[in-house]
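Inside the fold
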Amino acid sequence: MTETETFETIRYTADVVALTPAREVLLIQRGWPPHEGAWALPGGHVDPGETSLEAAVRELAEETGVTVTADDLRQVGVWDAPERDPRGRYITVAYVAVVPVGTTITAGEDARTARWWPLDDLPERLAFDHAAILSAAVASTP
């Protein structure tokens, strides 16, 4: 490496697509920038010493009150486009879980609210690249 080369700071996150057999998805309304007020998938930073799978389980519970186990989650893919987040370089591992219809939700501190949305009546725009993550999760879930 030369003196003129620099390292890019990369942040590691996990997102969860929680679906019901009735074709609903769980979204949170963001309570902070960027995309404050927009609807998004539950998720967040992977903590030190934690895997993305462990972070997905934790973030889903913290942001929505929905508890799943690691065995309930299936990896959908990795999203790493350089401009996917206006705060800088974020790489996310996305997971999908199918939960029972009527699963109770409670918005956590990071979310203004949480709600189930029918897949055929989603908000006009989701935060970040969450629409692409949701599409991939739905396409991969029977």
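All of the points below concern the structure found in this document. (Residues numbered from 1 in each chain as written. Predicted model: local features only at pLDDT ≥ 70, side-chain atom pairs only at ≥ 80, totals over all residues. Heavy atoms only, no water.)

A few points about the nonpolar core
Inclusion rule: Within this scheme, the nonpolar core is defined by two criteria: the residues are buried Ala, Val, Leu, Ile, Met, Phe, Trp, Tyr or Cys, and they are joined through side-chain atoms within 4.5 Å. Three labels apply to residues, based on accessible area from a 1.4 Å probe with only protein chains included: buried if under 20% of the type maximum, exposed if over 50%, partly exposed otherwise in between. The secondary structure listing takes helices from DSSP runs of H or I that are at least 4 residues long and strands from runs of E that are at least 2 residues long, numbered from the N terminus. The contact rule is simple, with two residues in contact once any of their heavy atoms fall within 4.5 Å.
Counting 23 residues, the largest nonpolar core has Leu26, Ala56, Leu60, Val66, Val68 and Leu73 as its most contacted members. Going through the elements one at a time, strand S1 (10-19), strand S2 (24-30), helix H1 (52-64), strand S6 (89-98) and strand S7 (111-118) are the ones with two or more residues in this core. Among all residues touching Val66, those that are not within four sequence positions of it are Leu26, Leu60, Ala61, Val99, Thr103, Thr104 and Ile105. Grouped together as the second largest cluster of nonpolar side chains are 15 residues, Trp79, Trp117, Leu134 and Ala137 included.

What to know about the pattern of salt bridges
Note the threshold: The salt bridge definition used is simple: a Lys or Arg side-chain nitrogen within 4 Å of an Asp or Glu carboxyl oxygen.
This structure, assessed with the given rule, holds eight salt bridges. For Asp85, the salt bridge identified is with Arg87, shortest N-O distance 2.5 Å. Classification of Arg87 as partly exposed rests on a relative accessible area of 37%. By sharing partners, the salt bridges in this structure join Asp47, Glu50, Arg58, Glu59 and Glu62 into a single network.

Some remarks on H1
Note the following rule: Any helix carries an expected span of 1.5 Å times its number of residues minus one.
Taking 1.5 Å of rise per residue, the 13 residues of H1 would be expected to cover 18 Å, and the 18 Å separating its terminal C-alpha atoms lies within 8% of that figure. Among all positions in H1, only Ser52, Ala55, Ala56, Arg58, Glu59, Leu60, Glu63 and Thr64 are buried. Taken together, the buried residues of H1 touch S1, S2, strand S4 (43-45), S6 and S7. Looking one or two residues beyond H1, the residue adopting positive phi is Gly65, at roughly 80°.

Concerning the side chain of Arg30
The test is simple: By the counting rule applied here, Lys and Arg register as positive and Asp and Glu as negative, while His and the ends of each chain are not counted.
Mapped onto the elements of the fold, Arg30 is located in strand S2. Of the side chains with opposite charge, Asp85 lies nearest to the buried Arg30, which makes no salt bridge, at 6.4 Å. With residues up to four places along the chain from it excluded, the contact list for Arg30 reads His35, Glu36, Gly37, Ala38, Ala40, Arg87, Asp110, Arg112, Ala127 and Phe128.

What to know about the packing of aromatic side chains
Aromatic ring pairs are reported here in terms of the distance separating the ring centres and the angle at which the planes meet. The line we're drawing: For this analysis, a ring pair means two rings from Phe, Tyr or Trp (six-membered ring only for Trp) whose centres lie within 6.5 Å, classed as stacked if their planes differ by under 30 degrees, edge-to-face if by over 60, and tilted for the remaining angles. Definition used: whenever NZ (Lys) or CZ (Arg) falls within 6 Å of the ring centre and also within 35 degrees of the ring normal, the charge is taken to sit over that ring.
One pass over the full model with this rule turns up one aromatic pair. Here the aromatic rings of Trp39 and Trp117 are separated by 5.1 Å at their centres, their planes lie at 75°, and the arrangement is edge-to-face. Pair noted here: Trp39 is in strand S3 (residues 39-40) and Trp117 is in strand S7, with a separation of 78 residues, a long-range link. Trp117 shares its class with Trp39; the two are buried. The ring of Tyr90 carries the charged tip of Arg87 above its face, separated from the ring centre by 4.5 Å. When the ring centre of Trp117 is taken as reference, the NZ or CZ atom of Arg115 above it lies at 3.5 Å.

A short note on the environment of Gly77
Within the secondary structure, Gly77 sits in strand S5 (residues 74-79). Under the relative-accessibility criterion, Gly77 is labelled buried at 14%. Separated by 44 residues in sequence, Gly77 and Pro33 have C-alpha atoms that sit 25 Å apart. Dropping the residues within four chain positions of it, Gly77 is found in contact with Thr92, Val93 and Ala94.

As far as function goes, none of this settles anything; it's purely spatial.
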